[in-house]
Amino acid sequence: MKLLVVGSGGREHAIAKKLLESKDVEKVFVAPGNDGMTLDGLELVNISISEHSKLIDFAKVNNIAWTFIGPDDALAAGIVDDFNQVGLKAFGPTKAAAELEWSKDFAKEIMVKYDVPTAAYGTFSDFEEAKAYIEEKGAPIVVKADGLALGKGVVVAETVEQAVEAAHEMLLDNKFGDSGARVVIEEFLDGEEFSLFAFVNGDKFYIMPTAQDHKRAYDGDKGPNTGGMGAYAPVPHLPESVVDTAVDTIVKPVLEGMIQEGCPYLGILYAGLILTADGPKVIEFNARFGDPETQIILPRLTSDFAQNITDILDSKEPNITWTDKGVTLGVVVASNGYPLDYEKGKPLPEKTAGDIITYYAGAKFVENSRALLSNGGRVYMLVTTADTVSAAQEKIYDQLKRQDTTGLFYRHDIGGKAL
Ligand code: AMP
Ligand code: GLY
């Protein structure tokens, strides 16, 4: 069987690499992918994620069994609907189901209607009304652009002035374009953050190991929000009972709600949660795998990944199994300056061997050579599994010390909350 993965980052590298390990898979193509992926035998297809008809033609001509959609913007643009329309299978939610991610207001309405615990909120398109709401509620308070904003459309404001300024930038200065034409303003939730992922088909779902991302750029959760600088799974200090509560109060009702609303969910559901004093509450839903969480979750999958997805797409019961051994941890290496302006073209260290995996995100071959250069904000990620978080940290940070990371940076405290 031949498969296609849509996307180009570390997440898609991890998805495609895992699919290629499956018994019946002969080839995995990635569109557009990045050069680093070819070191793992993946084949790149030079078509961008927005060119749906070219991707469809490619899938037809190459007899692709099904296509795995990685990124949120492709889902929001209706790529799954377009594939389905011509009779092709694609793993991911339809545009209507992906609205859980592409509109924070829609997600909030669903949560309120189906009684899913989340922060109290108001939605505004008028700046004066937003300002009045912020002044009434006080700080800390959180201001979010309604639409997709590459993880940058959220301001956790410590003062009323900061919150008003954020609302001003989104509603009046158009900082996020259409994505910020409406804002969701919500209660600040205090507690530890974690991510819960599930494979989903309608009301059937299969929970993955818990994960914790590190969204701020620098050590000690300082600096700007990024796509994610490192992660580990499972989160050892998170009691099983919290996961059970999250399943019962969050995952089940939201999936039942999506069926009631006429947009049943198929794909990966990603719940971003905060464990508050009143139990887990939702800060966001995403309609896809997380990046970098995928890179530390999928190595723990012990079943045949491609077979699992085939079964879900065929509405059969998948046999999904995970290792319960130790912890898988990964550290992202990014270009100096990320998530703001950064330089490209720095030489990258050799791909690791043995039990440390290298996943590439922004990596490109030097012309006529197999040497890689940096070509994006997040560049690569090292991932390993060990008995404990500290043992995994030691392996990764030892390796990173031996690599030349000139022009690049990484956090030194990934997994620190588990120690
Ligand atoms: P999001 O893009 O919605 O994941 O938000 C980015 C980050 O802002 C999250 O990872 C949280 O750290 C923080 N955040 C979002 N919503 C809230 C909230 N209601 N209370 C506290 N922190 C939040
Ligand atoms: N790691 C955060 C995200 O994928 O949205």
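Preceding this paragraph is the structure being described.
Let us look at the structure shown here. Computed from a predicted model, the values in this text were never measured in an experiment.

**Some thoughts on the pattern of salt bridges**
Logical step 1: Counting across every chain of the model gives 29 salt bridges.
Logical step 2: Two residues, Glu 43 and Lys 27, come together in a salt bridge whose shortest N-O distance is 3.4 Å. Placement of the pair is Glu 43 in strand β3 (residues 43-44) and Lys 27 in strand β2 (residues 27-32), with a sequence separation of 16 residues.
Logical step 3: Judged by relative accessible area, which is 32%, Glu 43 ranks as partly exposed.
Logical step 4: Glu 186 is the partner of Lys 108 in a salt bridge, and the nearest nitrogen-oxygen pair spans 2.8 Å. With a gap of 78 residues between them, Lys 108 in helix α6 (residues 104-113) and Glu 186 in strand β9 (residues 183-187) connect regions that are remote in the sequence.
Logical step 5: Three or more residues joined by partner-sharing salt bridges are found here, namely Lys 104, Glu 193, Lys 215 and Glu 284.

**Some points on the site of ligand 2**
Logical step 1: If you check the shell around ligand 2, you find Asp 213, Lys 215, Gly 227, Tyr 270, Asn 286, Arg 288, Gly 290, Asp 291, Pro 292 and Glu 293 and nothing else.
Logical step 2: Interatomic distance of 3.1 Å between a backbone N/O atom of Gly 227 and a nitrogen atom of ligand 2.
Logical step 3: A distance of 2.9 Å separates an oxygen atom of ligand 2 from a polar side-chain atom of Arg 288.
Logical step 4: Taken together, the residues of the shell around ligand 2 break down into two nonpolar, three polar and five charged.

**A few points about the nonpolar core**
Logical step 1: In terms of nonpolar packing, the biggest core is built from 75 residues, with Leu 100, Phe 285, Tyr 380 and Leu 400 touching the most fellow members.
Logical step 2: If you tally residues by element for this core, the top one is helix α9 (residues 240-260), at nine residues.
Logical step 3: For Leu 400, the residues in contact, after removing those within four places along its chain, are Val 331, Val 333, Tyr 380, Leu 382 and Tyr 410.
Logical step 4: Of all hydrophobic cores here, the second largest spans 39 residues; its members include Ile 297, Ala 306, Leu 313 and Met 381.

**Some remarks on the site of ligand 1**
Logical step 1: Ligand 1 sits among 14 residues. The nearest are Glu 186, Glu 187, Leu 189, Glu 193 and Glu 284.
Logical step 2: Backbone polar atom of Leu 189 to a nitrogen atom of ligand 1: 2.8 Å apart, as the coordinates give it.
Logical step 3: Starting from 470 Å² of accessible surface for ligand 1 in isolation, the protein chains cover 91%.
Logical step 4: In the shell around ligand 1, the residues fall into seven nonpolar, no polar and seven charged.

**Here we look at the sheet that holds strand β17 (residues 279-286)**
Logical step 1: Taken in spatial order, the four strands make up an open sheet running β11-β10-β16-β17, and their pairing is antiparallel. With partners counted over all chains shown, the strands left at the sheet margins are β11 (204-207) and β17, one partner each. Across this sheet, the average inter-strand angle for adjacent strands is 35°, counted without regard to direction.
Logical step 2: Where strand β10 (residues 192-201) and strand β16 (residues 266-276) come together, 10 bridges link them in antiparallel fashion. Its bridge partner lying in β16, Phe 194 is registered against Leu 273.

**Regarding helix α11 (residues 305-313)**
Logical step 1: The element α11 is largely enclosed, with a buried count of eight among its nine residues.
Logical step 2: For α11, the secondary structure elements touched by its buried residues are β1 (2-7), α1 (10-20), β4 (64-69), β5 (90-91), β10 and β16.
Logical step 3: N-capping of α11 is provided by Asp 304, with a side-chain oxygen placed 3.4 Å from the backbone N of Ala 306.
Logical step 4: Of the residues flanking the end of α11, it is Ser 315, one or two places downstream, whose phi is positive at about 55°.

**A closer look at the pairing of β17**
Logical step 1: Along β17, eight of the eight residues are buried, which leaves the element largely enclosed by surrounding structure.
Logical step 2: Pairing geometry for β16 and β17, over seven bridges, is antiparallel. The residue of β17 that forms the bridge with Tyr 270 is Asn 286.
Logical step 3: Hairpin connection between β16 and β17: a loop of two residues separates the two successive antiparallel strands.

**Brief notes about the sheet that holds β3**
Logical step 1: In spatial order, the strands read β3-β2-β1-β4-β5; together these five strands make up an open sheet with parallel pairing. Edge positions in the open sheet fall to β3 and β5, since each of these has one partner strand only.
Logical step 2: Here two bridges tie β4 to β5, and the two strands are oriented parallel to one another. Pairing of Thr 67 across the sheet is with Ala 90, part of β5.
Logical step 3: On the sheet, α1 packs against β1, β2 and β4 and is oriented at approximately 170° with respect to β1.

Criteria and cut-off values
- Residues numbered from 1 in each chain as written.
- Chains lettered and ligands numbered in written order.
- Predicted model: local features only at pLDDT ≥ 70, side-chain atom pairs only at ≥ 80, totals over all residues.
- Heavy atoms only, no water.
- Salt bridge = Lys/Arg side-chain N within 4 Å of Asp/Glu carboxyl O.
- Helix = DSSP H or I, 4+ residues; strand = E, 2+ residues; numbered from the N terminus.
- Buried < 20%, exposed > 50% of the residue type's maximum accessible area, 1.4 Å probe, protein only.
- Near = heavy atom within 4 Å.
- Polar contact = N/O pair within 3.5 Å; in protein donor to acceptor, adjacent residues only side chain to side chain.
- Nonpolar A, V, L, I, M, F, W, Y, C, P; charged D, E, K, R; others polar.
- Core = buried A, V, L, I, M, F, W, Y, C linked by side-chain atoms within 4.5 Å.
- Contact = heavy atoms within 4.5 Å.
- Areas by Shrake-Rupley, 256 points an atom, 1.4 Å probe, with all protein chains shown as cover.
- Pairing = 2+ DSSP bridges.
- Axes fitted to C-alpha atoms, helices over the stretch in contact; angles between N-to-C directions.

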